[in-house]
Amino acid sequence: MSWDALTAWGPKARRIERLAGGSSNDVWSVDLDGQRAVARLGTRSDADLSWEAELLFHLHGNGLVVPVPIPAEDGRLFVDGLVVMRHMEGGPPQTQADWSRVAATLRELHRLTRDWPQRPGWRSSLDLLEARNGTRIDLDAMPAEAVLRCRAAWARLRGRESAVVHGNPNNPANILMTADHVALVDWDEAHVDVVDLDLVLPFNGAGLEGEARDIAEQASAAWEAAVCWKDDYAELRLAEVRPVGTRP
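About the thresholds
Residues numbered from 1 in each chain as written. Predicted model: local features only at pLDDT ≥ 70, side-chain atom pairs only at ≥ 80, totals over all residues. Heavy atoms only, no water. Salt bridge = Lys/Arg side-chain N within 4 Å of Asp/Glu carboxyl O. Helix = DSSP H or I, 4+ residues; strand = E, 2+ residues; numbered from the N terminus. Buried < 20%, exposed > 50% of the residue type's maximum accessible area, 1.4 Å probe, protein only. Axes fitted to C-alpha atoms, helices over the stretch in contact; angles between N-to-C directions. Parallel < 35°, antiparallel > 145°, perpendicular 65-115°, else oblique. Left-handed = near helix turned anticlockwise from the far one by under 90°. Contact = heavy atoms within 4.5 Å. Nonpolar A, V, L, I, M, F, W, Y, C, P; charged D, E, K, R; others polar. Phe/Tyr/Trp six-rings, centres within 6.5 Å; stacked < 30°, edge-to-face > 60°. Lys NZ or Arg CZ within 6 Å of the ring centre and 35° of its normal.

Asks: Can you break down the pattern of salt bridges residue by residue, with the values?
Replies: Inspection of the entire model under this criterion finds 19 salt bridges. Salt-bridge contacts for Asp48 lead to Arg119; the nearest nitrogen and oxygen are separated by 2.9 Å. With Asp48 in helix 1 (residues 46-61) and Arg119 in the loop between helix 2 (96-112) and strand 5 (133-134), this residue pair connects regions lying 71 residues apart in the sequence. When sorted by exposure, Asp48 lands in the same class as Arg119, which is buried.

Asks: Any chance you could break down the environment of Phe57 for me, citing the residues and the numbers?
Replies: Mapped onto the secondary structure, Phe57 falls in helix 1. Assessed through its relative accessible area of 36%, Phe57 is described here as partly exposed. Measuring from C-alpha to C-alpha, the distance between Phe57 and Pro67 comes to 9.0 Å, with 10 residues separating the pair along the chain.

Asks: Got a sec to walk through the packing of helix 3 (residues 144-155) against helix 4 (residues 210-228)? Specific residues and values, please.
Replies: It is the contact of helix 3 with helix 4, at a shortest axis distance of 8 Å, that shows an interaxial angle of 140°. Relative to helix 4, the element helix 3 is oriented oblique. Along this stretch, helix 3 crosses helix 4, giving a crossing that reads as left-handed. Taking contact as the criterion, the partners of Cys150, Ala153 and Trp154 in helix 3 are, on helix 4, Gln218, Ala219, Ala222, Trp223 and Ala226. In the contact of helix 3 with helix 4, the residues fall into seven nonpolar, one polar and no charged.

Asks: Would you mind going over the packing of aromatic side chains in detail, with residue names and values included?
Replies: Any pair of aromatic rings gets described here by the distance separating the centres and the angle formed by the planes. Within the structure shown, the criterion is met by two aromatic pairs. Judged by centre distance (6.4 Å) and plane angle (70°), the rings of Trp3 and Trp28 are edge-to-face. Here Trp3, found in the segment before strand 1 (14-19), pairs with Trp28, found in strand 2 (residues 26-32); they are 25 residues apart in sequence, far enough to count as distant. For Trp28, a relative accessible area of 15% gives the class buried. Above the ring of Trp28, the side-chain terminus of Arg15 is found at 4.6 Å from the ring centroid.

Asks: Explain unusual backbone geometry to me, and be specific about the residues and the numbers.
Replies: Cis geometry marks the peptide bond from Trp229 to Lys230, where omega comes out at 5°. Along the chain, Lys230 turns up in the loop between helix 4 and helix 5 (232-239). A positive phi angle is found at Asp33, which is not glycine, with a value near 55°. Residue placement: Asp33 occurs in the loop between strand 2 and strand 3 (35-41). For Asp33, a relative accessible area of 55% corresponds to the exposed category. Notably, Thr135 is not glycine yet its phi reads approximately 50°, a positive angle. When you line up the elements, Thr135 lands in the loop between strand 5 and strand 6 (137-138).

That's the geometry; what it means functionally is another story.
Set out below in structure tokens:
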């Protein structure tokens, strides 16, 4: 997998500058013979990338503002791990009103994907009550007590709605807003899970209260601890997850 694949989008396709893309991908702004776009090079499987592309076209077709893939000259939506996507305009949410708009957009995402299949290779938080690993999560790498705490937090999600979750919407860099739209970008962690995990937002933008808020916050902290294990951020998130048997 290399940037040589960019030539599939035309002989004049070129990289412009590197963008923030997290630890799993190399992300650049690109020029496609005068058209500005964003290209992401990673190691995801073809099945994984197909799942993401189908999801984004489905959401776009139902009115959500998302970075749909731009096909290569031969019609392929990805080539050797490279995906080229529509450039999105906007800036990050800043106010409580902004984050309330983000929450409304996330709830529309969840409504549109209630019966969506799981992303290949992924596990949901409820799956991990029994499973030991899935994509970026390896519970065998965590201390046994930490696994017990995470699983206790996820167990409280039983019976709650599941759909596609964005996976990292509380990062302002993943939201591009204008007066007219809320665009959700960076779908690398999207998968099917309990929707509460998407609704722990700055300013409590989703308006969660009482037990519902506690369940969501605990489950979200446990998820991020498991996904990022073991770095300083993961340990900070794990510290927010109550020991088993402790009441709020």
